[in-house]
Amino acid sequence: MEWKNKVIFLTGASSGIGEALALAMAKRGATLGLLARREELLKELAAKCEQGGGKAGYYAVDVTDAKAVAEAAEELRNEFGRIDVLIANAGIGGNNSETQNLNPEAVAEVININLLGAVNAVSAVLPQMLENKSGQLVAISSLAGFRGLPKSAAYSASKAGMTAFFESVRLDVQDKGVAVTIIQPGFIKTPLTSGRKSKMPFLMELEDAIPLFLDAIERRKKFAAFPWQLAAVVRVARIFPAWLYDRIAGRAKFRE
Ligand SMILES: NC(=O)c1ccc[n+]([C@@H]2O[C@H](COP(=O)([O-])OP(=O)(O)OC[C@H]3O[C@@H](n4cnc5c(N)ncnc54)[C@H](OP(=O)(O)O)[C@@H]3O)[C@@H](O)[C@H]2O)c1
């Protein structure tokens, strides 16, 4: 895939993975529609993307607002003619006591942003992609969606749901010119993981992770999971019987 002149709709663009991806894609000549809630950050990022060689527009929108997400996508299409790639990246870790205590509103917030926010973004772009018989949907899911993790019920559920949602959509669009790429990273140093004191196995630097995201998108991979060491552990854990999984995973302390 050639990035130059590709029109990319990127949610969660204002920090962390989204911000770094935006800058990397701009450097390759892509045209970007940057979406997140913090307008000042988006404005600065759009300017940096243009200085870096790309084109960029931005939308200060909450992904849980389906209508506003659809309007942002429409604006991007009106300006640049089409959307080639959606990167559904907006998300929160829900790493707080309300979520861990299963406060229903706190859990709903994680699921609304991480899962339903991605659904809103897909709904905003897919009809036009199907009409053009061309496009790519990219989910930034997580290795946390493979099996339930301790103190992570909301986050694991949101990412398991996201993976399943995009995989189901892939089955429905596979013969219609639209590719679906599900990316499942482990721990990456970003504002999302920065407050944690616990050990995060195989924690990656953002600069080491970005080429892996770009490669998965360029090659239109169906799945990409990294770092490979943690992905291997998680894949093996997936086939553990429940008694063994509970004994081992119950001791993990990623969220403390
Ligand atoms: N870092 C990791 O270790 C890791 C591992 C696996 C998967 N992931 C996933 O990667 C994605 C990006 O995470 P990150 O690590 O880059 O975290 P981050 O730096 O906290 O970035 C999260 C982004 O999502 C946006 N966002 C959050 N809620 C939103 C909402 N309601 N509407 C619109 N945008 C919203 C934030 O922007 P605003 O606050 O400005 O809205 C921000 O741009 C997330 O989906 C996360 O689950 C991260």
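Here, the structure is the one placed above.
So, how was this worked out
- Residues numbered from 1 in each chain as written.
- Predicted model: local features only at pLDDT ≥ 70, side-chain atom pairs only at ≥ 80, totals over all residues.
- Heavy atoms only, no water.
- Helix = DSSP H or I, 4+ residues; strand = E, 2+ residues; numbered from the N terminus.
- Rg over C-alpha atoms; globule rule 2.2 N^0.38 Å.
- Buried < 20%, exposed > 50% of the residue type's maximum accessible area, 1.4 Å probe, protein only.
- Contact = heavy atoms within 4.5 Å.
- Near = heavy atom within 4 Å.
- Polar contact = N/O pair within 3.5 Å; in protein donor to acceptor, adjacent residues only side chain to side chain.
- Nonpolar A, V, L, I, M, F, W, Y, C, P; charged D, E, K, R; others polar.
- Pairing = 2+ DSSP bridges.
- Right-handed = clockwise from strand over helix to strand, strands pointing away.
- Salt bridge = Lys/Arg side-chain N within 4 Å of Asp/Glu carboxyl O.

Enquirer: I would appreciate a short explanation of the overall build of the protein in the present structure.
Expert: Broken down by element type, the protein carries ten helices and seven strands. Relative to its length of 256 residues, the protein is compact, with a C-alpha radius of gyration of 18 Å against a globular reference of 18 Å. Dimensions along the principal axes, computed over C-alpha positions, put the protein at roughly 55 × 40 × 35 Å. The proportion of buried residues among the 256 residues of the protein is 52%. Counting contacts in the protein only where the partners sit at least 6 residues apart, residues at least 24 apart contribute 72% of the total.

Enquirer: Explain the site of the ligand to me, please; I cannot follow it from the model alone.
Expert: Residues in contact with the ligand amount to 30 residues; listed here are only the nearest, Ser-15, Arg-37, Tyr-155, Ile-188 and Thr-190. Here an oxygen atom of the ligand sits 2.6 Å away from a polar atom, N or O, in the side chain of Tyr-155. Backbone polar atom of Ile-188 to an oxygen atom of the ligand: 2.7 Å apart, as the coordinates give it. At the level of secondary structure, the elements contributing two or more residues to the shell around the ligand comprise α1 (16-27), α6 (153-173) and α7 (191-194). For the shell around the ligand, the element with the highest residue contribution is α7, accounting for three residues. Residues belonging to the shell around the ligand are distributed by class as follows: 15 nonpolar, eleven polar and four charged.

Enquirer: How should I be thinking about the pairing of strand β2 (residues 31-36) in this particular structure?
Expert: Within β2, six of the six residues are buried, which leaves it mostly tucked inside the rest of the structure. Across five bridges, strand β1 (residues 7-11) lies against β2 in parallel orientation. Pairing of Thr-11 across the sheet is with Leu-35, part of β2. Between the parallel pair β1 and β2, the chain is carried across by α1, and the sense of this crossover is right-handed. Both β2 and strand β3 (residues 55-60) contribute to a ladder of six bridges, which runs parallel. By the bridge assignment for β3, Thr-31 is matched with Lys-55. What joins β2 to β3 is helix α2 (residues 39-52), and the crossover it makes is right-handed.

Enquirer: Any chance you could explain the side chain of Ser-158 here in plain terms?
Expert: Mapping Ser-158 onto the fold places it in helix α6. Aside from chain neighbours lying at most four places away, what touches Ser-158 is Val-110, Ile-111, Asn-114 and Leu-115.

Enquirer: Just checking my understanding: could you explain the pattern of salt bridges for this structure?
Expert: Side chains bearing opposite charge may pair, as long as their charged atoms lie close to each other. For the coordinates displayed, the defined rule picks out seven salt bridges. Here Asp-215 ties to Arg-219 by a salt bridge, and the two come within 3.1 Å at their closest N and O atoms. Taking the relative accessible area as the measure of exposure, Asp-215 reaches 25% and is therefore partly exposed. You can call Arg-219 exposed: its relative accessible area is 55%. The shortest N-O distance in the salt bridge between Asp-215 and Lys-221 comes to 3.6 Å. Assessed through its relative accessible area of 27%, Lys-221 is described here as partly exposed.

So, to be careful, I would describe these as geometric facts and stop short of saying anything about function.
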